[in-house]
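Summary of structural features
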Amino acid sequence: MFNTMPIQIEYLLMLQNFRELTNGVFDNFFLSVTWFGEALIPVFVMAVIYWGINKKAGTFIFFTFGLTLYTNVFLKMTACIKRPWYIDSRIAPIDSALPAADGYSFPSGHTAGAMAVWGSIAYKWWNNRIIRYLMITIVLLVAFSRNYIGVHTPQDVLVSIIAGIALIFATEKLTDWIDKGQNRDLIFYLTMIVLTIILYLYLHIKCNIQMQSFNPLADCINPVEMKHGVYYKIGFMLGIFTGWILERRLVNFSIINNLKKKIILISAGLIFLYTICAFCTKILLLIFPDRFAYSITAFLIPFYIIFLYPVVIKIFASR
């Protein structure tokens, strides 16, 4: 089988040489672009869509994001492919990008997240050319930025894009199936709980096997740390689907049409959402180990957006 890694490394070195020749003039731009694949910006955008623009489309985006997290965790912990600078010591990523690039390389989590959110928005508003092309541009820029700053190979981002496209279409089929049958929502939720348990057991077993040959002096990646590092993704995914099933069965809120009320509600919701993102983990770290503190916060963020705050919206709408 043809090994493409040397070509990919040469491509990353070409980008690295370009960074050096231009004295990093574009570094800050692409470091900023990569934030569109992080959790914070997409989460706020999903909240605004879900609370105030189109609930069904917001649910679709959250679904795609949750399924993307599951897929990304499974692929990362199965392939266990190291970051580019471990594959070739000539690769020198931008230093400020390293803290967010501490896990396995394949596939790119930032690109996967960008596809799940911005790709889903493009899909749901496909007939709007401005939105469609803007969202596609964001996805491509995030993907390229991961290569430009030196933390992912081309195969990492390409697989994330392909998987993201497949998951968008799969989510469309899945949500249609759920809406057309009684109790299918509950069947899906229980299925995801079972699949999450299977994923956890898989990660636990795989980690134990890897630890048998782990050499802390020679190996650059600790399997236990990598296993703990994906707990927050699992927590976020569970927060999405738990919030969804509870909102669907107990709340079933509708978006408020009154513009003034809508602005007030969205603004207040985002302020509290920021508070959760900024302070929840710090408080939980006083009580729990870091992996559990981050996982609980990750669960609470989508759970608040999808279930808790819609309760407030429904109460406010009734007045």
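Attention in this report is confined to the structure presented alongside it. Small disclaimer: the values here were computed from a predicted structure and weren't measured.

Criteria and thresholds
- Position numbers for residues count from 1 along each chain, tracking the sequence in the order it is written.
- Local features in this predicted model are restricted to residues whose pLDDT is 70 or higher, and side-chain atom pairs enter the listing and the counts only when it is 80 or higher, whereas totals over whole chains, interfaces and linings include all residues.
- The side-chain values count all of the structure's non-hydrogen atoms but skip hydrogen atoms and water molecules.
- Any Phe, Tyr or Trp ring, taking Trp's six-membered ring, that has another such ring centre within 6.5 Å forms a pair; planes under 30 degrees apart are called stacked, those over 60 apart edge-to-face, and the others tilted.
- Where helices and strands are cited, they refer to DSSP runs of H or I of at least four residues and of E of at least two residues respectively, numbered from the N terminus.
- In this scheme, a residue with accessible area under 20% of its type's maximum is buried, one over 50% is exposed, and one in between is partly exposed, where area comes from a 1.4 Å probe on protein chains only.
- Geometrically, a charge over a ring is one whose NZ (Lys) or CZ (Arg) sits within 6 Å of the ring centre while staying within 35 degrees of the ring normal.
- Every helix has an expected span of 1.5 Å times one less than the residues it contains.

So, on to the packing of aromatic side chains. Taken as a whole and judged by the stated rule, the model has 25 aromatic pairs. Their ring planes at 35° and their centres at 4.5 Å tell us that Phe30 and Tyr148 sit as a pair that is tilted. Placement of the pair is Phe30 in helix 2 (residues 27-33) and Tyr148 in helix 7 (residues 129-148), with a sequence separation of 118 residues. Between Phe303 and Phe307, the aromatic rings sit 5.3 Å apart at their centres with planes inclined by 50°, giving tilted as the arrangement. Taken together, the residues Phe303 and Phe307, both in helix 13 (residues 290-317) and 4 residues apart, mark about one turn of the helix. Looking at Phe307, the relative accessible area reads 13%, which means it is buried. Members of the aromatic cluster, each reached through a chain of ring pairs, are Phe29, Phe30, Phe144 and Tyr148. Its guanidinium or amino end placed over the ring of Tyr148, Arg19 lies 6.0 Å from that ring's centre, counting from NZ or CZ. Seen from the ring of Trp126, Arg132 lies directly overhead, with NZ or CZ sitting 5.0 Å from the centre.

The next thing to look at is helix 11 (residues 231-251). When the terminal C-alpha atoms of helix 11 are compared, their 28 Å separation across 21 residues agrees well with the 30 Å that a helix rising 1.5 Å per residue should span. Buried residues dominate helix 11, accounting for 15 of its 21 residues. Backbone geometry just downstream of helix 11 places Asn252 in the positive-phi region, at approximately 55°.

Interpretation note: all reported values are geometric properties and have no functional meaning in isolation.
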